[in-house]
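Examining the three-dimensional arrangement
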Amino acid sequence: MMFTLSSEQTDLGGVLHGFLGAGRTDLASLGVDEVSDPVDLVVVFEELGHHAVAGPWVESLAVVPALRAEVGPGPGAGAGVGVRAETGAGAGAETGAGPGVGAGAGAGAGAGAGAGEASGTWSVAFPPLLPHAVEADHYLLVEGDTLREATPTTELPSIDPARRLHELSAGQVLATDVPAARAFDLGVLTTSAQLLGLGRAMLEMTTEHAKARAQFGKPIGQFQAVKHHLANVLIGLEMARPLVFGAAVTLSSRDVSAAKVATSDAAWQAARTALQVHGAIGYTAEHDLGRFLLQTRALRTAWGSPSMHRARVLEAL
Amino acid sequence: MDLSLDAGTLSFQAEVRAWLASHVRPLSSMDTAGGFEEHRSWERLLASERLSVVSWPAEFGGREASLLQWLVFEEEYHASGAPGRVSQNGIFLLAPTLFAHGTDEQRARILPSMARADVVWAQAWSEPEAGSDLASLRSTAVRSDGGWLLRGQKTWSSRAAFADRAFGLFRTGPGERHRGLTYLLFDLRAPGVTVRPITQLDGEPGFAEIFLDDVFVPDHDVVGEVGDGWRVAMSTAGNERGLTLRSPGRFTAAASRLVELYRKNPDPALRDRVVDAWIGAQAYRLHTFGALAQPLSGPAASVTKVFWSELDVALHETAMDLLGEVAPGWRDGWLFSLSGPIYAGTNEIQRNVIAERLLGLPR
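About the cut-offs
Residues numbered from 1 in each chain as written. Chains lettered and ligands numbered in written order. Predicted model: local features only at pLDDT ≥ 70, side-chain atom pairs only at ≥ 80, totals over all residues. Heavy atoms only, no water. UniProt positions renumbered as here; feature names shortened; annotations may be inferred. Helix = DSSP H or I, 4+ residues; strand = E, 2+ residues; numbered from the N terminus. Rg over C-alpha atoms; globule rule 2.2 N^0.38 Å. Buried < 20%, exposed > 50% of the residue type's maximum accessible area, 1.4 Å probe, protein only. Contact = heavy atoms within 4.5 Å. Areas by Shrake-Rupley, 256 points an atom, 1.4 Å probe, with all protein chains shown as cover. 1 Å grid on protein atoms, 1.4 Å probe; cavity = no way out; pocket = protein on both sides within 12 Å on 5 of 7 lines; lining within 4 Å. Points joined across faces, edges and corners; volume = space filled by probe spheres on them. Nonpolar A, V, L, I, M, F, W, Y, C, P; charged D, E, K, R; others polar. Core = buried A, V, L, I, M, F, W, Y, C linked by side-chain atoms within 4.5 Å. Polar contact = N/O pair within 3.5 Å; in protein donor to acceptor, adjacent residues only side chain to side chain. Lys, Arg positive; Asp, Glu negative; His and termini not counted. Salt bridge = Lys/Arg side-chain N within 4 Å of Asp/Glu carboxyl O. Buried area = accessible area lost by both parts, 1.4 Å probe. Expected span 1.5 Å × (residues − 1). Axes fitted to C-alpha atoms, helices over the stretch in contact; angles between N-to-C directions. Parallel < 35°, antiparallel > 145°, perpendicular 65-115°, else oblique. Left-handed = near helix turned anticlockwise from the far one by under 90°. Pairing = 2+ DSSP bridges.

Under an unreviewed UniProt entry, chain B has the name Acyl-CoA dehydrogenase and belongs to Lentzea cavernae. Looking at the Sequence similarities (unreviewed entry) heading of the UniProt record, one finds this comment for chain B: "Belongs to the acyl-CoA dehydrogenase family."

As named in an unreviewed UniProt entry, chain A is Acyl-CoA dehydrogenase, taken from Lentzea cavernae.

This paragraph deals with the overall build of chain B. When you go through chain B residue by residue, the secondary structure sums to 12 helices and eight strands. In terms of overall dimensions, chain B is globule-like: its C-alpha atoms have a radius of gyration of 21 Å, near the 21 Å expected for 363 residues. Dimensions along the principal axes, computed over C-alpha positions, put chain B at roughly 65 × 45 × 45 Å. For chain B, with 363 residues in total, the buried portion stands at 55%. Expressed as a percentage of contacts within chain B between residues at least 6 apart in sequence, the contacts between residues at least 24 apart total 70%. For chain B, the exposed area adds up to about 14,900 Å²; of that, 53% sits on carbon and sulfur atoms.

Left-over empty space is what a probe sized like a water molecule reveals as it rolls over the atoms. Residue and element names in this part refer to chain A. For the structure on display, the rule yields four cavities of 30 Å³ or more. Considering only enclosed or pocket space, the largest cavity measures out at about 100 Å³ in volume. Along the walls of the largest cavity sit Val53, Ala54, Gly55, Trp57, Val58, Glu59, Asp160, Arg163, Thr191, Gln194, Gln295 and Leu299, which together make up its complete lining. Going through the elements one at a time, α3 (57–68), α5 (180–212) and α8 (289–301) are the ones with two or more residues in the lining of the largest cavity. It is α3 that provides the largest number of residues to the lining of the largest cavity, a total of three residues. Among the residues forming the lining of the largest cavity, the class breakdown is five nonpolar, four polar and three charged.

Phe45(A), Phe126(A), Trp303(A) and Tyr183(B) are the most contacted members of the largest nonpolar core, which has 161 residues in total. It is α5(A) that contributes the most residues to this core, 15 residues altogether. When residues no more than four places from it in sequence are discounted, the contact partners of Trp303(A) are Val58(A), Glu59(A), Val63(A), Val124(A), Phe126(A), Leu130(A), Phe184(A), Gly187(A), Val188(A), Thr191(A), Lys260(A) and His309(A). Among the nonpolar cores identified, the runner-up in size contains 25 residues, and Ala117(B), Trp148(B), Ala208(B) and Val215(B) belong to it.

Moving on, we get to the environment of Asp288(A). Residues and elements named next belong to chain A. With respect to the secondary-structure elements, Asp288 resides in the loop between α7 (253–278) and α8. Separated by 77 residues in the primary sequence, Asp288 and Lys211 have C-alpha atoms spaced 18 Å apart. Separated by 3.0 Å, the side chains of Asp288 and Arg291 make a polar contact.

Our next topic: the side chain of Asp160(A). All names here are of chain A. With respect to the secondary-structure elements, Asp160 resides in the loop between β4 (146–157) and β5 (164–175). This buried residue, Asp160, is left without a salt bridge; Arg163 holds the nearest opposite charge, at 5.3 Å. If sequence neighbours within four positions are ignored, Asp160 has contacts with Leu294, Gln295 and Ala298.

Further remarks concern the interface of chain A and chain B. Each partner contributes to the interface: chain A provides 41 residues, whereas chain B provides 41 residues. When the area that chain A buries against chain B is broken down by residue, the three leading residues are Met1(A), Met239(A) and Leu314(A), summing to 22%. Along the contact surface separating chain A from chain B lie two salt bridges. Between Arg310(A) and Asp276(B) there is a salt bridge, with its nearest N and O atoms 2.7 Å apart. The tally of links from chain A across to chain B stands at 15 residue pairs in polar contact (both at pLDDT 80 or more). If you list the elements that add at least two residues to the side of chain A that touches chain B, you get α5, α6 (224–250), α7 and α9 (306–316) of chain A. Broken down by element, the residue count for the side of chain A that touches chain B peaks at 16 residues, all from α6(A). Here the side of chain A that touches chain B is built from residues that sort into 24 nonpolar, 10 polar and seven charged.

We now examine the pattern of salt bridges. Under the definition given, this model contains 40 salt bridges over all chains. Salt-bridge contacts for Glu46(A) lead to Arg241(A); the nearest nitrogen and oxygen are separated by 3.0 Å. Taken together, the residues Glu46(A) in helix α2 (residues 38–50) and Arg241(A) in helix α6 connect sequence positions 195 residues apart. Given the relative accessible area of 3%, Glu46(A) is considered buried. Between Glu15(B) and Arg63(B) there is a salt bridge, with the nearest N and O atoms lying 2.8 Å from each other. Of the two residues, Glu15(B) sits in helix α1 (residues 7–23) while Arg63(B) sits in the loop between α2 (33–48) and α3 (67–79), which places them 48 residues apart along the sequence. Given a relative accessible area of 35%, Glu15(B) falls into the partly exposed group. Given the relative accessible area of 24%, Arg63(B) is considered partly exposed. Several salt bridges converge on common partners, so that one network encompasses Glu46(A), Glu47(A), Arg200(A), Glu204(A) and Arg241(A).

Moving on, we come to α3(B). Given 3.6 residues to a turn, an α-helix orients residues that are three or four positions apart in the same direction. The terminal C-alpha atoms of α3(B), which comprises 13 residues, lie 18 Å apart, in line with the 18 Å expected from a rise of 1.5 Å per residue. Residues of α3(B) that are buried: Leu68(B), Gln69(B), Trp70(B), Leu71(B), Val72(B), Phe73(B), Glu74(B), Glu75(B), Glu76(B) and Tyr77(B).

Residues and elements named next belong to chain A. Closest axis-to-axis distance for the α5/α7 pair is 8 Å, and the angle between their directions is 25°. Considering the angle they form, α5 stands roughly parallel to α7. For the element pair α5 and α7, the recorded crossing hand is left-handed. Split into classes, the residues belonging to the contact of α5 with α7 amount to 14 nonpolar, 10 polar and two charged.

What follows is about the pairing of strand β4 (residues 165–171) of chain B. Residues and elements named next belong to chain B. Taking burial as the measure, the seven residues of β4 include seven buried ones, the bulk of the element. Where burial is concerned, the two faces of β4 agree: the one with Arg165, Phe167, Leu169 and Arg171 and the one with Ala166, Gly168 and Phe170 are both buried. Judged from the seven bridges that link them, β4 and strand β5 (residues 181–187) form a sheet pairing that is antiparallel. Bridge pairing in β5 links Arg165 to Asp187.

Before going further, it helps to examine the UniProt feature "domain: Acyl-CoA dehydrogenase/oxidase C-terminal" (unreviewed entry) in chain A. The feature "domain: Acyl-CoA dehydrogenase/oxidase C-terminal" (unreviewed entry), as annotated in UniProt, sits at residues 182–316 of chain A in this numbering. Its end C-alpha atoms 16 Å apart, residues 182–316 of chain A is made of 80% helix and 3% strand.

A few words now on the layout of surface pockets. Here the second largest pocket defines a volume of roughly 760 Å³. Glu238(A), Arg241(A), Pro242(A), His287(B) and Gln294(B) are, among the 27 residues lining the second largest pocket, the residues nearest its centre. Looking at the lining of the second largest pocket, the elements with two or more residues in it are α5 and α6 of chain A together with α9 (271–293) and α10 (298–323) of chain B. Per element, the largest residue contribution to the lining of the second largest pocket is six residues, and it comes from α6(A).

Let us now look at the sheet that holds strand β3 (residues 138–143) of chain A. Residue and element names in this part refer to chain A. Reading across the sheet, the five strands line up as β1-β3-β4-β5-β2 and stay open at both edges, with mixed pairing between neighbours. On the outer flanks of this sheet lie β1 (122–125) and β2 (133–134), each paired with one strand and no other. Taken together, the four bridges between β1 and β3 define a ladder with parallel strand orientation. By the bridge assignment, Trp122 is partnered in β3 with His138. Contacting β1, β2, β3, β4 and β5, α3 runs over the sheet at an angle of about 65° to β1.

What follows is the structure, encoded as structure tokens:
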């Protein structure tokens, strides 16, 4: 029993925090695309959430590598898909734009995926639980245990404008008997970690706001109503966190779903509280909060709704 | 990260599980005269196997079990449906204070009899005008030949109706609020002590008022330095709020019972609450495993206190909603859960602590 992060894992989070805080999103330069241990992935995704980084990272860094792990070695990096993080310079945190998708992804994607040489970001859908794919350079489709190439068709609006979604059209079969359940659970796990990071970020920005903003002649953080709201947010996040790491250790569907339920609630509570405590400024596009709030709301139901995950927990008990 | 149990812990778990399976039997309420003695006998039975205080040193009746083994013991204990611990105030509140601040003489004299429940301890913190604001307490201890004379009134003293001795804070010197307080132990049957049991919502005297009229306390029953009582008491207050008073096993066992109850009474409208109670108990369990590697600070214990007390209410409220008015086996736990957000420092006080000391919001 040693239920705590190693110093290397703590360092990984710290390095990513500094990196993302500096506005950089070229994750491959840090070797993040080679992370595959679930606990390490949680560390990475908590930081991606902490900075509200948009893009198909759950898919590219956690889910697609797991799907491709048993397809057979390819000449590309990692497990044969050659997932390479290539976002455009302006993508990201500050602008709220989606990932800067490299040009020319469409035509070459199919062949590239088959050969395992394509670079760029990857996305995947698991209908019916995850019917649409987040925009990326290349797409895959999982039906049962069958993995197919896919091409994007209709673009669908997400409630989070930084997330662009597509319907997919199925292409040729790449593999049968892929570890679809494990790959899906890795998607749920890393999304939970993102929600945890999003919640932390909103708690931090709201705490700073409550210290700085004065009304009635004192900082609003001195009022007990505000203190208690923020204390509740901290409790929710602090107690959701061990569920995420516990799920990373066991990777059981039950534990992964429990983590998703708890982080969805804790992060959304953080978002509502953040908006309420910020007041009108939080409801403006000028303030950063909206970006975090909208992503939180989108991720709350992505990779399975809270209701679906509660059903999965109960089924497993 | 690793959640596996080592071989030693697994064999300890198996031993505890087997012993409990063959010894646990239902007892009357500990808050009746007869039930109190039944619970005392149960504690003695536990002690005879050195299972009443597993984490203590062997010389005081323990097994020097690790914290992890203690958590495993607690999981097994609650899962088996074993009785509540009548010695709880002593074991979880006074003993950690004695380990940290007591003398060798005090530990040798007090701990073995506590482990065997020959002496059952009550707590005597609150006063009529000092509840959440404990530092406003007014009961005094005045210097006397070879000791101190206690005067004043304590209230909401858990187990005091039937317990043998009590521990609490008394004003011994000049200074206001946190200053000039001393941590003292006294005999509930000493001359000058009047105990008035107070009947709780469940109809039984789970706590009492204690009136003190020149009650003599010898010098060897002062814990820590005279005048240093606040620090002595608070240094182990985290034990009540966080890790030790309410171990996760209590909630994981209750959550499992709730899931079983739901299976027999599957009301789909209550499904989410049942699942959330199970998830909450699991969260507290894992959080506590994390605290084994990095012990909780005092303010961090406020986080868990709010969490487990609200989890307990939500869990039991869900059971009541599933069962309706006839709720055999759940009523006592439900009533007790309602007191959780109040005792050990109200959850409002805990939220202030969290906001000011963990988030750094201004006082």
